[in-house]
Amino acid sequence: MPEPRKKVRQNHLTLAQKILSVALDQGLRKGDHLPEQSFSDACGVSRTPIRSAFRLLEERDILEWRADEGYFLALDSAEDVSMTIRALEDAEHSIAHQILSDRAERRIGAVQSASALMRRYKAPRTAVLNALKILSNDGLVRQLPGRAWAFQPMIDSPDAIEESLDFRITMERQAVLAPDFVLDSQRAGLLREQMNSFLNTPQGGVTPAGFRRIDIEFHTLVAECSGNRFLRGSLTAHHRLRQASQKIAPSPEFRLRQAMIEHLEILDSLERKQFELAADQLVVHLRRSRIRKPQAANRGIPPLAKGPRP
Amino acid sequence: MRPSPEIAFFPEASFGAALNCVGIAQELQKLGATPVFICHPGFTGVFAEYGFKEFHLPESPSSSDESIADYWQDFTNTHVPHFNLDPLAQLDTYVEPTWKAIVDTAIAVEDDLARLLAQIRPDAVVLDNVIMFPAIARAGCPWIRIVSCAETEIPDPAVPPYLSGLAPENKAEAAAYSEAYETVTAAVHRRYNSFRKKQGLPPLPAPLFLENSPVLNLLLAPSVVRYERKTPLPEDRFVFLEGCVRHESHFEMPRLPVSDGPLVYVGFGSLGAVDTGMMKRMIDVFEGIQARFLVNVGAMSEAYERVPDNVHLGSWFPQPSVIEQADLVIHHGGNNTFCEALFHGVPSLVLPYCWDGHDNAQRAETVEVGRHINRANWTADSLRSAIIETLTDTAMRQKLKKVSGKMQQNRGTEQAARKILGALNGNSIAP
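Residues numbered from 1 in each chain as written. Chains lettered and ligands numbered in written order. Predicted model: local features only at pLDDT ≥ 70, side-chain atom pairs only at ≥ 80, totals over all residues. Heavy atoms only, no water.

Residues and elements named next belong to chain B. Domain annotation for chain B reports domain 1 (6-245 + 411-424) and domain 2 (263-408). Computed from C-alpha coordinates alone, the two centres of domain 1 and domain 2 are separated by 24 Å. Tallying the contact residues gives 41 residues for domain 1 and 33 residues for domain 2. Across the domain 1/domain 2 interface, buried area totals approximately 3100 Å², and carbon plus sulfur atoms make up 65% of it. (Domains from an automatic or database assignment. Contact = heavy atoms within 4.5 Å. Buried area = accessible area lost by both parts, 1.4 Å probe.)

Structure follows, in structure tokens:
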């Protein structure tokens with residue numbers, strides 16, 4: 001059965017985001033050519049959807065079409081490209097995304113009614129209920145008895161970030177060790193290319209957003225390949241929550257590159273089916289990422305490691 | 001000396017000094033040296049994230065996360081009210097207890113520091129602190145002093161007293177302040193000198209706690225804010241740096257429901273962030289201004305329940321990259337933040353609460369690169385006006401553009417790294 005038009009457009013939007021992410025990782029600049037075949041390889045799809053996504057990007061003045069030559073990047077800087085990726089993300093899940101982002105930023109409270117959200121986003125009830133349904137399917141909100149909706153805890157403070165890493169250290173290790181872990185080799189191969197491309201970017205050229213995209217995709221892959229359905233569910237929902245958070249501070253470039261090398265080493269072990277080793281490497285990787293700066297420091301005083309008690 | 005000289009940085013346990021040293025270490029690494037860091041407990045991993053090897057001073061056996069949290073709670077309860085006092089009134093309430101704590105720390109870490117230095121066997125030690133550690137003088141290699149506080153830390157009759165917040169022309173107040181400072185710090189200074197004596201170091205004249213390096217002293221004081229000294233510092237041992245701004249990850253603006261208007265960065269250091277009452281009052285004012293505000297709330301993000309649409313709260317920002325994109329910085333006068341704002345040509349609104357913040361607030365206003373706001377008596381209207389007037393002050397912006405151009409042409413981090421290596425090689429360090 002053919003896909004409905006809206007769904008097809010949605011897929012093209014997702015692919016368009018991916019194309020721009022690859023362009024960003026490859027350090028492409030204004031006027032650089034985007035060969036269909038290489039983007040088809042990098043995104044793991046045939047050239048037909050690539051062409052449609054290119055057309056969509058052309059409609060938005062992100063790419064430029066030149067007869068007999070193909071598509072060329074029309075944006076000036078890496079920043080413009082990352083802003084555009086975000087704009088596409090927003091278009092994808094506009095209200096759901098805004099609701100989640102506003103909650104993560106503490107612009108709206110932990111319990112909301114559909115009416116309050118309709119007023120805030122100037123949206124009809126059906127649109128708000130659809131957005132809440134999207135968030136509910138991801139386990140990010142739940143409907144309370146009556147008309148209220150309650151948000152799950154967000155990753156919105158240094159202590160929450162630390163608890164998120166504690167949770168992942170336990171669960172991601174188990175996800176790999178669970179019987180019947182099967183690595184999706186095609187996705188792993190694509191991710192490996194993106195990781196290598198990230199590492200090959202000249203010094204000073206990598207972006208935290210580029211790292212974050214690959215990082216979440218990699219850890220989601222690990223979760224989705226687990227043989228344990230409950231670990232799979234909990235971890236993928238948690239990674240969606242991570243995606244919504246803007247509170248995770250970017251690490252210095254040295255650590256971003258080091259963490260990307262750790263991803264590759266874990267992938268190596270998973271591909272060799274050395275699951276014990278991969279699980280240990282995951283723990284080391286997450287522990288290294290868990291290093292947190294002192295919460296407060298002043299001359300003469302021992303630095304405060306953790307935030308104030310609730 | 002090794003082919004790649006090993007330079008041990010020992011910054012005090014504050015972000016300003018730590019990150020200032022990171023900037024210089026990044027440049028030393030490019031020049032082929034091997035910078036390493038001696039870390040206070042709590043800073044573990046901060047330097048490793050930038051790719052530097054760390055050596056750790058052990059935690060005191062009696063300290064635990066719990067006891068340190070209690071300490072900070074007491075510190076906050078005691079000192080937040082003192083932050084609204086003027087510099088003279090802070091001498092008894094804040095400056096003296098802080099010096100006591102600094103001397104306690106210096107005494108406590110002495111043996112461990114000596115042990116670490118014997119393990120590292122560096123070719124030079126770079127000390128970015130306000131007090132001398134005898135182990136450094138005895139390390140058997142040259143040591144270099146970084147003054148990452150305001151220039152007032154090195155006294156001169158024509159320079160206002162350290163931490164006074166006074167202008168050079170306030171001679172009478174300066175004399176009274178200096179006298180009060182010496183009186184208040186006399187007991188802790190005697191204690192420190194007796195510690196030095198036991199460790200084989202000569203005493204220091206009151207009220208100094210740190211001597212100048214016989215080899216090289218680097219002052220984080222861009223020319224726009226420098227004082228005309230009565231006795232110029234000898235150029236063969238003293239180098240003024242045009243800022244000291246490290247390379248950081250690019251900061252990507254978070255999505256805000258309000259997506260236009262000038263960008264204002266607000267950061268009062270991790271210590272200033274504990275005053276959540278003041279920060280909430282400020283955020284209420286920000287809500288009514290057509291601008292976007294990035295607010296560094298440090299450890300206290302849980303304290304904020306309602307955040308306006310034009311405000312983003314964060315517990316950590318890669319500050320140089322944020323300030324580069326900002327139109328205004330509202331800060332406490334920390335020397336590193338102040339210099340980063342000057343480096344990127346961004347005006348400052350300074351609300352100092354302690355230490356050299358007072359000196360930088362006075363200097364920013366005097367040399368017209370920012371404004372000084374008294375944190376004790378601002379109102380919503382006065383703060384709003386100050387923000388809008390500073391954002392639209394084209395004369396200040398033009399001046400800052402020139403300041404920034406000069407600083408970026410003479411990057412302090414590169415200059416510091418070259419001077420450190422030059423000093424090791426016995427070359428002249430004169431500019």
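A few words now on the sheet that holds strand 2 (residues 63-66) of chain A. Residues and elements named next belong to chain A. The three strands are arranged 1-3-2 in an open sheet whose pairing can be described as antiparallel. Each of the sheet's edge strands pairs with one partner strand only, and the pair in question is strand 1 (33-34) and strand 2. By the bridge criterion, four bridges tie strand 2 to strand 3 (residues 70-73) in an arrangement that is antiparallel. From the neighbouring strand, Leu63 faces strand 3, where its bridge partner is Leu73. Contacting strand 1, strand 2 and strand 3, helix 3 (residues 47-59) crosses the sheet at an angle of about 110 degrees to strand 2. (Pairing = 2+ DSSP bridges. Helix = DSSP H or I, 4+ residues; strand = E, 2+ residues; numbered from the N terminus. Axes fitted to C-alpha atoms, helices over the stretch in contact; angles between N-to-C directions.)

With that settled, consider the packing of aromatic side chains. Residue and element names in this part refer to chain B. According to the stated counting rule, one finds 24 aromatic pairs over all chains in the structure shown. Over the aromatic face of Phe55 sits the side chain of Lys53, whose NZ or CZ is 4.9 Å from the ring centroid. Taking the ring centre of Trp378 as reference, the NZ or CZ of Arg281 above it sits at 3.9 Å. (Phe/Tyr/Trp six-rings, centres within 6.5 Å; stacked < 30°, edge-to-face > 60°. Lys NZ or Arg CZ within 6 Å of the ring centre and 35° of its normal.)

Now for the environment of A:Ala279. Residues and elements named next belong to chain A. Its place among the elements puts Ala279 in helix 13 (residues 275-289). In this structure the C-alpha to C-alpha distance between Ala279 and Glu162, which are 117 residues apart in sequence, comes to 19 Å. Those residues in contact with Ala279 that lie beyond four places of it in its chain are Arg173, Val176 and Leu177.

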